[in-house]
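The chain contents come next:
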Amino acid sequence: MATSDRIPSSEITPPEHYFNRRAVLRYGAAAASVAATGFVYRKLNRPGAEAIETRPLPPPQHEPESTPTPMPTPPKETASASKPPVEKPAQHASSGFTTDERKSTLQQIGNYNNFYEFTTDKEGVAGLAAGFQTRPWTVSVEGLVHRPKVFDIDEILRLFPLEERVYRMRCVEAWSMVIPWNGFPLGKLLEQVQPMGNAKYVAFQTLLDPTRFPGQRFDVLNWPYVEGLRLDEAMHPLTILAAGIYGREIPSQNGAPLRLVVPWKYGFKGIKSIVKIALVAEQPTSTWNAQIPHEYGFYSNVNPNVPHPRWSQATEQRIGEFGRRPTLLFNGYAEQVAHLYKGMDLQKYF
Ligand code: MTE
């Protein structure tokens, strides 16, 4: 965080010291220290905290291409320059698309981040991400599909109207927020490329460019950051690609220009700054699972009954709140997603 009252950790500690494999162990260590996190939350809540750099979302230009879809979609309207950039979703009572829980502020969402391509210092990401160039940007959707395509980010934004989704976000480190995303169902993009019958999983990849991501100059993780979902998880209406927050472009520190959001899974499944999406037959690698398989499972569904080997997952610290609150199975989305895991041993497939 580039505040005037704070010296960035990069100026105190040489990068080769703070970007090392031990930093991986720091991931989660914060969860064990309620005192330390309490200090952070007070700082994030103080008046006059650093403003978040973000631009308004462009208004939609064209009527989206119509494709057959099993998703509950918002009603189509004729696009015009005066049309607001974000549509309210169909508010099915049990859709999970929104919540009346208090939303985290943009200050909180944009000043406490995990984005190791910039730094392992949660409060340092915003400062380093300022000015990150997100144009030109392409997303290749490929693999076991009939119509592979490299999409320009602005084409994606024209094709799929952004909907507001207010989701709980639960980090594996046991802190949480409530974030009003602006995005569209990932399933709509996948339908455009027509997955083949043997496609069973979806693999995602972040941009690899150490000239723009200073953290990629160090081997703190195996770059590029990769993630994966089962195809049915990817097609679930709750799973979105987000391009905005609070009706504005998604701040760089939160994964501009496009990031994955899967609200019933731990936050690290939400891969940021995506450049490639591939349909594949076998379960793909995911960065944290490959790094420490016994701590970070491929599924990583939020589950208060499956402790992390180094801390309990029974409760969480909602940023901005005093005290802890109980963690909910599937992060409170069990009604919508529990059927995806019917018959699976959630202790084994954690
Ligand atoms: N994606 C990339 N490419 N690199 C990362 O380091 N961190 C993950 C996830 N996506 C990460 C990433 C983790 S650990 C979390 S908790 C969330 O992003 C944090 O998202 P936020 O900073 O927007 O809250």
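These numbers come from a predicted model, not from an experiment.

> Can you break down the environment of phenylalanine 115 residue by residue, with the values?
Checked against the element boundaries, phenylalanine 115 lands in the loop between helix 6 (106-111) and helix 7 (125-129). Under the relative-accessibility criterion, phenylalanine 115 is labelled buried at 3%. Here the alpha-carbon distance between phenylalanine 115 and phenylalanine 213, two residues 98 residues apart in the chain, equals 9.7 Å. Beyond its immediate stretch of four places on either side in the chain, phenylalanine 115 contacts Val125, Phe213, Ser252, Gln253, Gly255, Lys272 and Ser273.

> Can you break down the pattern of salt bridges residue by residue, with the values?
Going through the model one piece at a time under the given rule, you end up with 17 salt bridges. Linking glutamate 163 and arginine 165 is a salt bridge whose minimum nitrogen-to-oxygen distance equals 3.0 Å. Assigned by exposure class, glutamate 163 and arginine 165 land together as buried. Its salt-bridge partner being glutamate 316, residue arginine 318 comes within 3.8 Å of it at the nearest N-O pair. For the pair shown, arginine 318 and glutamate 316 are each scored as buried. Bridged by salt links that share partners, the residues Glu101, Arg168, Arg170, Glu316, Arg318, Glu321 and Arg325 form one connected network.

> Provide a residue-level description of the pairing of strand 2 (residues 138-143), including the pertinent values.
Relative to strand 3 (residues 149-152), strand 2 runs antiparallel, the two sharing four bridges. Counted as the bridge partner of serine 140 is valine 150 from strand 3. Hairpin remark: strand 2 followed by strand 3, antiparallel, with five residues in the connecting loop. Here four bridges tie strand 2 to strand 11 (residues 274-280), and the two strands are oriented parallel to one another. Pairing of serine 140 across the sheet is with lysine 276, part of strand 11.

> A description of the site of the ligand should follow, citing residues and the corresponding values.
Around the ligand sit 17 residues, and of these Tyr116, Glu117, Asn254, Gly270 and Lys272 come closest. In this structure, an oxygen atom belonging to the ligand sits 3.0 Å away from a side-chain N or O atom of asparagine 113. At 3.0 Å from an oxygen atom of the ligand is found a side-chain nitrogen or oxygen belonging to arginine 259. In the complex, the protein chains occlude 99% of the 530 Å² of accessible area that the ligand would expose alone. At a threshold of 2 Å from the grid points, most atoms of the ligand map onto the largest cavity.

> Residue-level account of the side chain of lysine 122, with values.
As for its placement among the helices and strands, lysine 122 is situated in the loop between helix 6 and helix 7. For lysine 122, a relative accessible area of 12% corresponds to the buried category. A polar side-chain atom of lysine 122 sits 3.1 Å from a polar atom in the side chain of asparagine 114. Residues contacting lysine 122, with those up to four places away along its chain left out, are Asn111, Tyr112, Asn113, Asn114, Glu173 and Trp175.

> Which residues make up the environment of phenylalanine 160, and what values do they have?
On the secondary structure map, phenylalanine 160 appears in the loop between helix 8 (153-159) and strand 4 (162-170). Separated by 25 residues in sequence, phenylalanine 160 and proline 185 place their C-alpha atoms 8.6 Å apart. With near-sequence residues (within four places) excluded, phenylalanine 160 lies in contact with Phe184, Lys188, Leu189 and Gln192.

> Would you mind going over the packing of aromatic side chains in detail, with residue names and values included?
The geometry of an aromatic ring pair is captured by the separation of the ring centres together with the interplanar angle, meaning the angle of the planes. What the rule picks out here adds up to 17 aromatic pairs. Ring centres of tyrosine 299 and tyrosine 341 lie 6.1 Å apart, and the angle between their planes is 90 degrees; on these two criteria the pair is classed as edge-to-face. Of this pair, tyrosine 299 sits in the loop between helix 11 (287-291) and strand 12 (315-318) while tyrosine 341 sits in the segment after helix 12 (334-337); the two residues are 42 residues apart in sequence, bridging distant segments of the chain. Tyrosine 299 gets classed as buried once you look at its relative accessible area, which sits at 7%. Of the residues examined, tyrosine 341 reaches a relative accessible area of 3% and is grouped as buried. Counting every residue linked through ring pairs, the aromatic cluster contains Tyr201, Phe298, Tyr299, Phe330, Tyr341 and Tyr349. Over the face of the ring belonging to phenylalanine 97 we find arginine 165, whose NZ or CZ atom lies 3.6 Å from the ring centre. Over the ring of phenylalanine 298 we find lysine 269; its NZ or CZ atom is 4.3 Å from the centre of that ring.

> Go over unusual backbone geometry with me, naming the residues and quoting the values.
Cis geometry marks the peptide bond from arginine 135 to proline 136; its omega dihedral reads -5 degrees. Inspection of the secondary structure assignment puts proline 136 in the loop between helix 7 and strand 2. Omega for the bond connecting tryptophan 223 with proline 224 falls within 30 degrees of zero, at -5 degrees, which places this linkage in the cis form. In this fold, proline 224 is placed in the loop between strand 6 (201-206) and strand 7 (226-230). Phi is positive for alanine 174, close to 80 degrees, though the residue is something other than glycine. Looking at the secondary structure, you find alanine 174 in the loop between strand 4 and strand 5 (175-185). On the basis of relative accessible area, alanine 174 is assigned to the buried category, the value being 4%. Phi is positive for serine 300, which is not a glycine, with a value near 50 degrees. Counting through the fold element by element, serine 300 comes out in the loop between helix 11 and strand 12.

What counts and how
- Residues numbered from 1 in each chain as written.
- Predicted model: local features only at pLDDT ≥ 70, side-chain atom pairs only at ≥ 80, totals over all residues.
- Heavy atoms only, no water.
- Helix = DSSP H or I, 4+ residues; strand = E, 2+ residues; numbered from the N terminus.
- Buried < 20%, exposed > 50% of the residue type's maximum accessible area, 1.4 Å probe, protein only.
- Contact = heavy atoms within 4.5 Å.
- Salt bridge = Lys/Arg side-chain N within 4 Å of Asp/Glu carboxyl O.
- Pairing = 2+ DSSP bridges.
- Near = heavy atom within 4 Å.
- Polar contact = N/O pair within 3.5 Å; in protein donor to acceptor, adjacent residues only side chain to side chain.
- Areas by Shrake-Rupley, 256 points an atom, 1.4 Å probe, with all protein chains shown as cover.
- 1 Å grid on protein atoms, 1.4 Å probe; cavity = no way out; pocket = protein on both sides within 12 Å on 5 of 7 lines; lining within 4 Å.
- Sits in = over half its atoms within 2 Å of the grid points.
- Phe/Tyr/Trp six-rings, centres within 6.5 Å; stacked < 30°, edge-to-face > 60°.
- Lys NZ or Arg CZ within 6 Å of the ring centre and 35° of its normal.

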